[in-house]
Amino acid sequence: MVTLRLREIATTVGGELSGDGEVNIGAVRSIHEAGPGDVTFLLNKNYEKFLSSTQASAVIVPLDVDRAAIAGKNAVIVKDASLAYAQVSRLFEDRRGGCGISPLAFISNTANISQSASIFPYVYIDDGAVVGDEVVVYPFTYVGREVTIDAGSLIYPNVTLYDRVMLGKRVIIHAGAVLGADGFGYVWDGSQHQKIAQLGVLRIEDDVEIGANTCIDRASLDETVVRKGTKIDNLVMIGHNVSIGRNSIIVSQVGIAGSTSVGENVVLGGKVGVADHVAIGNRVRAAGGTGIHKSVPDDSTIAGSPHLPHREWLRQQWYLKKLPALFERLTKIEEELHLRDHNDRD
Amino acid sequence: MVTLRLREIATTVGGELSGDGEVNIGAVRSIHEAGPGDVTFLLNKNYEKFLSSTQASAVIVPLDVDRAAIAGKNAVIVKDASLAYAQVSRLFEDRRGGCGISPLAFISNTANISQSASIFPYVYIDDGAVVGDEVVVYPFTYVGREVTIDAGSLIYPNVTLYDRVMLGKRVIIHAGAVLGADGFGYVWDGSQHQKIAQLGVLRIEDDVEIGANTCIDRASLDETVVRKGTKIDNLVMIGHNVSIGRNSIIVSQVGIAGSTSVGENVVLGGKVGVADHVAIGNRVRAAGGTGIHKSVPDDSTIAGSPHLPHREWLRQQWYLKKLPALFERLTKIEEELHLRDHNDRD
Amino acid sequence: MVTLRLREIATTVGGELSGDGEVNIGAVRSIHEAGPGDVTFLLNKNYEKFLSSTQASAVIVPLDVDRAAIAGKNAVIVKDASLAYAQVSRLFEDRRGGCGISPLAFISNTANISQSASIFPYVYIDDGAVVGDEVVVYPFTYVGREVTIDAGSLIYPNVTLYDRVMLGKRVIIHAGAVLGADGFGYVWDGSQHQKIAQLGVLRIEDDVEIGANTCIDRASLDETVVRKGTKIDNLVMIGHNVSIGRNSIIVSQVGIAGSTSVGENVVLGGKVGVADHVAIGNRVRAAGGTGIHKSVPDDSTIAGSPHLPHREWLRQQWYLKKLPALFERLTKIEEELHLRDHNDRD
């Protein structure tokens, strides 16, 4: 367990210290749960009222905090409390490493493993694989032939990396993820589905994180690619030949069908489905559950299934709620015009 | 394989025996498939007509069965045939145990494993983990640091339990489930997504069952919790800081986003999606595919996406089906009022 | 790596050779990426214009290709270019085999493994399992008691086959799939959910392919079955007692609830959800995201949630888009009839 002085934390986040900088901090906790030895964060203005009662040894607060609320407290005042929270949380992370290469791992003679990598027992590394510096590979992970894992990457247990998958630097792959499986492609020959062998690769660039049990298929030809800094949640499905741009956010249970391209800084909410062969522009934001059936221009915010611009979708929802009243109004007109009898309502 | 006398089965279910209590029963089969040595169940009144032709050695039937239909049969008459079926099915279950601790498992010196636990080959148990009495852990399961697994729990193959996950008594975790992975949290710093380290835990209470390839993330701070007796199906995603109450039923492919709370005795049908930071009350029932975007009061039955009270949703569906007729009626009025020409229909 | 002469490829696909049949081909690439030593395919008429500039050593083209476009090229002219692509892709597939039975695999004394099977290190094969000729089983796969895997099947890493699962010939199971887990069945006894032990089996027929992290539960009684030639994508959920007919296509993230039957040559698009106890006929086609709540007759094409015949669904979408205009028209009529004031619009 890590212990830090508040002064060190203030330095990390570039904040202004108020109170005792020598107090020891051993954990981050929420404002209600924090006790002595903990630091907490004010991330939401509505929680300011809890500052007086929190038992935390220190609080990290934004510039616009009510200064009276932190009087007598040990505090660090920062420009962006959320960003400070991310930075400080990582100081207390208990990350593995320095375990060496277990003799209980199975490593092909033709694999090339950095001496600074940590390879747990019961890892299987196949022919020609390359594992870089400071990489950590947990048990029950299969590293296929000619897979490359670049420096600083972290692979949790039970991950499968099919042959020739390429992972960049500082990539994180959560447990159970399957990268580089066969894309789903067949041709009907009149009596059965003939399999198209999937001869392409999967490439994951630097700083990508991939969630638990997520599946990303390799390309039929050429490559499937996820670009630098993109973050993918659990149980996501990404089909063959898909390309995803930089710094996008793909929330849980999203499915993206084959040959679709997704731009940079895109956010796809939970359970979004995207058809094959469409192009989603940069900075597109899709609400949870959106069904994207055709290409979407840059900077769109969309919702619904089939998808609509978000504003249009809201309007459609508004009209849907008015349908009963509309039927009432119509019936009234018909009665007025004697097109319908008062006793004849359906 | 288990063999029981019908008399013993009658005692287990607290039913009234009719016919030969000494007949040997070796299996449970459906009314059409059952043969000599099998017991079958009448769970659906519509199947009463098949009682005469079933080859089963015995039938278990509800109190309101037509007594003529079981004349000459070996039968057990019970108050609740479905409950009797559950009880009897478990008599014939072929559950593993008593295998001891395999020398081919990797167990940290600082882990604490009950002598009555069954640990298969190729299990990895990390530092400080505690495994209770009669626990069974199948191959390729990773038990992280300081994980606790309480008595009688059953962990199938290829499961990943991240550090500090807590499992109660008699918990069942199916193959491929990933418990306690990082919640999905980042802060954009203007040029990249900064990861928020996930410092909280995941706690699973007694008698919870978790399906294959389901993912439940640990909290960012504090805890994610699934309370006593809740049953979760396959391929479900539960985000960080979620809390799920007692005895709820979460069907396959449901996704629950971060910081949402779900009450007791809730039923979420297949593919339900729940937004983050909402509160679902007790005894709420959501139809398959419901998209829950805001909090739901106790005892609601809901459907649709965005969700509506079930009755309102049915009404909306009814109006949707009437839309073509409504357009017809409107056009007719316009013609009547000479607002539109007869040749001008769209 | 395989190298073939173009003449051999022409023979495999039964095509007409044009140009140099002796040219060596070492890979298949897309028309834009192909270079010397590669063969490429014209699968889409719109790409014909790229034939002149492709660097590929050979092209495979359909009968109706513009002959001028392949003048001077090495080409094979075929009736069905897609089918030829599937056939040729498989010539270049780099499939594993002939690895023998690893001494690092754990194999029960009572299991029966063909001498021609390839069993990787860290495979666990339990009592009474039978593994046929030329079967390949990758690391971290659990083969339960009395499981049978017939000749030529291929099981990728981290797969779990629960007890008594039956796999036919040439079955492919991708990484992380869980076959034969407990169906999701409980009976409420007034104070808790009583588990129904799942006593049935799961049977997968010949030539079925099952995607990564897909889950198919075994039956409560009797069997869950997937028939010959059906192809199932990643992250699909198939409940207990489901039966799926021959040569169907089940796309990613589909969920099929318990006791439902699906016919032959059915196509269920991505994220389709199917309720329990319904019957889907033969040759049904469901668009991505369809919610199937009741039985569907043979040869239907459906969409929407709840599902409608595709044509009706298109019509409904058309009317939904017209709703704003409809409200306009209605208001105008009301004004005309003095049922509403011009200043009273909502």
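Scope of this entry: the structure provided in the associated data block. Just so you know, these numbers come straight off a predicted model, no measurement behind them.

**Focus on the overall build of chain A**
Alright, step 1. A count of helices and strands for chain A gives three helices and 39 strands.
Alright, step 2. Whereas a compact globule of 346 residues would reach a radius of gyration of roughly 20 Å, chain A reaches 27 Å, over 25% beyond that.
Alright, step 3. Projected onto its principal axes, the C-alpha positions of chain A cover 85 × 75 × 30 Å.
Alright, step 4. A burial count over chain A gives 59% of its 346 residues as buried.
Alright, step 5. Sequence separation of 24 or more characterises 17% of the internal contacts of chain A that already satisfy a separation of 6 or more.
Alright, step 6. A total accessible area of about 13500 Å² is found for chain A, and carbon and sulfur atoms account for 47% of it.

**Considerations on the sheet that holds strand β8 (residues 106-107) of chain B**
Residues and elements named next belong to chain B.
Alright, step 1. Read across the open sheet, the ten strands follow the order β8-β11-β14-β17-β20-β25-β28-β31-β34-β37; overall the sheet is parallel. The open sheet has two free edges, formed respectively by β8 and β37 (291-292), since each of these has just one partner strand.
Alright, step 2. Relative to strand β14 (residues 142-143), strand β11 (residues 124-125) runs parallel, the two sharing two bridges. From the neighbouring strand, Y124 faces β14, where its bridge partner is Y142.

**Here's the deal with the side chain of S102(A)**
All names here are of chain A.
Alright, step 1. As for its position among the elements, S102 is in the loop between α2 (81-91) and β8 (106-107).
Alright, step 2. The class for S102 is buried, based on a relative accessible area of 12%.
Alright, step 3. If near-sequence neighbours (up to four positions away) are discounted, S102 is found in contact with I119, F120 and P121.

**Side note on the relation of the copies chain A and chain C**
Alright, step 1. Superposing chain A onto chain C takes a rotation of 120 degrees combined with a translation of 0.0 Å along the rotation axis, leaving an RMSD of 0.0 Å. In the structure described here, the two chain copies are related by an operation that fits a three-fold rotation axis.

**A short note on the interface of chain A and chain C**
Alright, step 1. Contact with chain A, which involves 66 residues of that partner, is made by 61 residues of chain C.
Alright, step 2. For the pair chain A and chain C, the summed buried surface comes to about 5200 Å²; carbon and sulfur atoms form 64% of the total.
Alright, step 3. One can count five salt bridges joining chain A with chain C.
Alright, step 4. Between E209(C) and K195(A) there is a salt bridge, and its shortest N-O distance comes to 2.8 Å.
Alright, step 5. Inspection of the chain A/chain C interface yields 24 residue pairs in polar contact (both at pLDDT 80 or more).
Alright, step 6. Mapped onto the side of chain A that touches chain C, the elements with two or more residues apiece are β20 (178-181), β21 (186-188), β22 (193-195), β25 (215-217) and α3 (310-336) of chain A.

**Quick look at the sheet that holds strand β17 (residues 160-161) of chain A**
Alright, step 1. Read across the open sheet, the ten strands follow the order β8-β11-β14-β17-β20-β25-β28-β31-β34-β37 (chain A); overall the sheet is parallel. At either margin of the open sheet sits one strand with a lone partner, and together these are β8 and β37 (291-292) of chain A.

**Structural notes on the side chain of R96(A)**
Alright, step 1. Structurally, R96(A) is set in the loop between α2 and β8.
Alright, step 2. Judged by relative accessible area, R96(A) falls into the buried class, the value being 15%.
Alright, step 3. In this structure the side chain of R96(A) is engaged in a polar contact, spanning 2.8 Å, whose partner is the side chain of D126(B).
Alright, step 4. In contact with R96(A), not counting residues within four places along its chain, are F120(A), V136(A), Y138(A), D126(B), D127(B), Y142(B) and R145(B).

**Observations concerning the packing of helix α3 (residues 310-336) of chain B against helix α3 (residues 310-321) of chain C**
Alright, step 1. For the pair α3(B) and α3(C), the least separation of the axes is 10 Å and the interaxial angle reads 65 degrees. On the basis of the axis angle, α3(B) is roughly perpendicular to α3(C). Judged by the twist between their axes, the crossing of α3(B) over α3(C) is left-handed. Within the contact between the two elements, α3(B) uses L320(B), K321(B), L323(B), P324(B) and F327(B) and α3(C) uses R315(C), Q316(C), Y319(C) and L320(C).
Alright, step 2. Partitioning the contact of α3(B) with α3(C) into residue classes produces six nonpolar, one polar and two charged.

**Focus: the packing of aromatic side chains**
Residues and elements named next belong to chain A.
Alright, step 1. A full pass over the atoms with the stated rule returns 46 aromatic pairs over all chains.
Alright, step 2. Ring geometry for F106 and Y124: centres 4.6 Å apart, planes at 5 degrees, overall stacked. On the criterion of sequence distance, the pair formed by F106 in strand β8 and Y124 in strand β11 (residues 124-125) is long-range, its members being 18 residues apart.
Alright, step 3. Assessed through its relative accessible area of 26%, F106 is described here as partly exposed.

What counts as what
Residues numbered from 1 in each chain as written. Chains lettered and ligands numbered in written order. Predicted model: local features only at pLDDT ≥ 70, side-chain atom pairs only at ≥ 80, totals over all residues. Heavy atoms only, no water. Helix = DSSP H or I, 4+ residues; strand = E, 2+ residues; numbered from the N terminus. Rg over C-alpha atoms; globule rule 2.2 N^0.38 Å. Buried < 20%, exposed > 50% of the residue type's maximum accessible area, 1.4 Å probe, protein only. Contact = heavy atoms within 4.5 Å. Areas by Shrake-Rupley, 256 points an atom, 1.4 Å probe, with all protein chains shown as cover. Pairing = 2+ DSSP bridges. Least-squares fit on C-alpha atoms with pLDDT ≥ 70 in both. Buried area = accessible area lost by both parts, 1.4 Å probe. Salt bridge = Lys/Arg side-chain N within 4 Å of Asp/Glu carboxyl O. Polar contact = N/O pair within 3.5 Å; in protein donor to acceptor, adjacent residues only side chain to side chain. Axes fitted to C-alpha atoms, helices over the stretch in contact; angles between N-to-C directions. Parallel < 35°, antiparallel > 145°, perpendicular 65-115°, else oblique. Left-handed = near helix turned anticlockwise from the far one by under 90°. Nonpolar A, V, L, I, M, F, W, Y, C, P; charged D, E, K, R; others polar. Phe/Tyr/Trp six-rings, centres within 6.5 Å; stacked < 30°, edge-to-face > 60°.

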